[in-house]
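Letter by letter, the chains look like this.
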Amino acid sequence: MRKTRLLAGASIVAAGLLALTACNSGSPGTAPGADGAEGGSDSSQLWEVASDVSLDGSPTYERMVAADKVVVGVKEDQPGLGFKDPITDERGGFDVEIAQWIAASLGFDAEKIEYKTIPSANREQELVNGNIDYYVGTYSITDKRKESIDFAGPYLITGQGLLVAADDDSIQSPDDLAGKIVCSVTGSTPLQRIRDEYAPGDTVEYDTYTQCLEQLRAGSVDAVTTDQAILAGYVAQEPETFKIAGDTFSEERYGVGVPKGDTVLKDHINTLFNDGGDVWTALFEKNLAPAGIEGEQPTADE
Ligand code: GLU
């Protein structure tokens, strides 16, 4: 497997933001940046909508064909990854575009995608219940989750990090959390890890990371913890307010959640990823690199 490294120290993020502002201001389809534009949603020139699709033995694909649409679970408050512009309602970001790329490979263009915003804690259940066909939203591959669903991927590797107020120098690593209140999201791997492996003063949990950001902004928590790739998107939007504290302290391998047992769909997505390095790179450069995130495409070997 090719090694992927995601680094997003505060200075790197700040430099990335400046570069973004200098190069891309005003151009549509860029990642969220200083001009407040949402991650662009139209990368359809990067791929063709497949017309000769055969996914014999995939019940999920059969359901899509019968419904003449694809129902995709996503996030909507993670700039650069899964984002919905509150003004235009337009969706964008790396994960959303990965979802669109998969849909196109199955013969469905962007108009045939129905998005459902689903918080971290509800992902497995929505897949098990058949309410979504697949899920693309900072979804770490874990053995526990694999008990109820399958994953294609990984398609991105990042790691857990900490977000603090820009003027707070008291936290440099998860070992500095004694007496501190740390916020994360219900049902997420970072919440579990900070409780199991470190000793924060206290933890609080919400459905979404933006709720945690509001708590940090208000000073009622000291840090927000989740994947560095997510945190970098928040810092890129508000570099005066937030910064990333220290390095990553886990490996989070992002997968596409698919219904358990649909090996045909899973293998189709893995092949798409492994054959689609150019598309992957274009989506990464567009959506994640502007926030200072570095990385390479991992081999999809799930
Ligand atoms: N990647 C982690 C997880 O799947 C954190 C991000 C999220 O909550 O989506 O739990």
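Look a little higher up for the structure.
About the cut-offs
- Counting from 1, residues in each chain are numbered in the order their sequence is written.
- Confidence filtering applies because this is a predicted model: local features only for residues at pLDDT of at least 70, side-chain atom pairs given and counted only at 80 or more, and all residues used for totals across whole chains, interfaces and linings.
- Side-chain calculation: all heavy atoms of the structure are included, whereas hydrogens and water are not.
- Only DSSP runs of H or I reaching four residues or more are called helices, and only runs of E reaching two or more are called strands; each is numbered from the N terminus.
- Classification of residues uses two cut-offs on accessible area relative to the type maximum, computed with a 1.4 Å probe and protein chains only: under 20% is buried, over 50% is exposed, and between them is partly exposed.
- We call two residues in contact when some of their heavy atoms are within 4.5 Å.
- Only the protein chains shown count as covering a residue, and every accessible area follows the Shrake-Rupley method with a 1.4 Å probe.
- Disulfides are defined in this document as cysteine sulfur pairs within 2.5 Å.
- One heavy atom within 4 Å of a molecule or strand is enough for the residue carrying it to be called near that molecule or strand.
- As used in this structure description, the phrase polar contact means that two N or O atoms lie within 3.5 Å; if the pair is within protein, one of them must be able to donate a hydrogen and the other to accept it, and residues adjacent in sequence are counted only when both atoms belong to side chains.
- Only Asp, Glu, Lys and Arg are considered charged, only Ala, Val, Leu, Ile, Met, Phe, Trp, Tyr, Cys and Pro nonpolar, and every remaining residue, Gly among them, polar.
- When DSSP finds at least two bridges between two strands, those strands are taken to pair.
- Throughout, an axis means a line fitted to C-alpha atoms (over the contacting stretch in the case of helices), and angles, computed between N-to-C directions, take values from 0 to 180 degrees.
- Only one rule defines a salt bridge in this text: a Lys or Arg side-chain nitrogen within 4 Å of an Asp or Glu carboxyl oxygen.

Enquirer: Help me get a handle on the overall build of the protein chain, residues and values and all.
Expert: Counting its secondary structure elements, the protein chain contains nine helices and 13 strands. Counting over 302 residues, the protein chain shows a buried share of 53%. Excluding contacts between residues fewer than 6 apart, the proportion of contacts in the protein chain whose partners are at least 24 apart in sequence is 73%. Total accessible area on the protein chain stands at roughly 12400 Å², and carbon and sulfur atoms take up 47% of it.

Enquirer: I'd like a description of the state of the cysteines, backed by residues and values.
Expert: All chains considered together, the criterion is met by one disulfide. Note on cysteine connectivity: Cys183 is disulfide-linked to Cys212, with sulfurs 2.1 Å apart. Between Cys183 and Cys212, the disulfide has an S-S torsion of -75 degrees and is therefore left-handed. Pair noted here: Cys183 is in strand S9 (residues 181-185) and Cys212 is in helix H6 (residues 209-218), with a separation of 29 residues, a long-range link. You'll find Cys183 and Cys212 in the same group, each marked buried.

Enquirer: Quick rundown of the environment of Ala199? Include the residues and the values.
Expert: Inspection of the secondary structure assignment puts Ala199 in the loop between helix H5 (189-197) and strand S10 (202-206). Looking at Ala199, the relative accessible area reads 59%, which means it is exposed. Counting along the chain gives 20 residues from Ala199 to Gly179, while the straight-line C-alpha distance between them is 8.8 Å. The contacts of Ala199, once residues within four sequence positions are left out, are Leu177, Ala178 and Ile194.

Enquirer: Explain the site of the ligand to me, using residue names and the numbers behind them.
Expert: Around the ligand lies a shell of 17 residues, among which Ser120, Thr138, Ser140, Tyr209 and Asp227 are the nearest. With respect to the ligand, the side chain of Ser140 contributes an N or O atom lying 2.7 Å from a nitrogen atom. Contact between the ligand and Tyr209: an oxygen atom at 2.6 Å from a side-chain N or O atom of the residue. Protein chains shield 100% of the accessible area of the ligand, which is 280 Å² for the free molecule. Those elements that place two or more of their residues in the shell around the ligand are H5, strand S11 (223-227) and strand S13 (252-259). Of the residues assigned to the shell around the ligand, the class counts are five nonpolar, seven polar and five charged.

Enquirer: Describe the sheet that holds strand S3 (residues 82-84), and please don't skip the residues or the numbers.
Expert: Here three strands make up an open sheet; going across it, the order is S2-S3-S4 and the pairing antiparallel. Looking at the sheet topology across the chains shown, the edges are occupied by strand S2 (77-78) and strand S4 (91-92). Bridge analysis of S2 against S3 gives two bridges, and the strand direction is antiparallel. The residue of S3 that forms the bridge with Asp77 is Phe83.

Enquirer: A description of the side chain of Thr158 should follow, citing residues and the corresponding values.
Expert: Note that Thr158 resides in strand S7 (residues 149-158). A polar contact of 3.3 Å, which involves the side chain of Thr158, links it to the backbone nitrogen of Ala229.

Enquirer: How would you summarise the sheet that holds strand S12 (residues 242-244) if you had to cite specific residues and measurements?
Expert: Strand pairing in a sheet relies on backbone hydrogen bonds. The paired strands run either parallel or antiparallel. Taken in spatial order, the five strands line up as S10-S9-S11-S8-S12 in an open sheet, and their pairing is mixed. Pairing within the sheet leaves two strands with one partner each, and these edge strands are S10 and S12. The sheet shows a mean angle of 30 degrees between the axes of neighbouring strands, direction not considered. Helix H7 (residues 228-237) contacts strand S8 (160-165), S11 and S12 of the sheet and is inclined by roughly 125 degrees relative to S11.

Enquirer: Tell me about the pattern of salt bridges, residues and numbers included.
Expert: Scanning the model with the defined rule gives 14 salt bridges in all. Across the pair Glu114 and Lys69 runs a salt bridge, and its minimum N-O distance is 2.7 Å. On the criterion of sequence distance, the pair formed by Glu114 in strand S5 (residues 113-117) and Lys69 in the loop between helix H2 (59-67) and strand S1 (70-74) is long-range, its members being 45 residues apart. We classify Lys69 as partly exposed; its relative accessible area is 31%.

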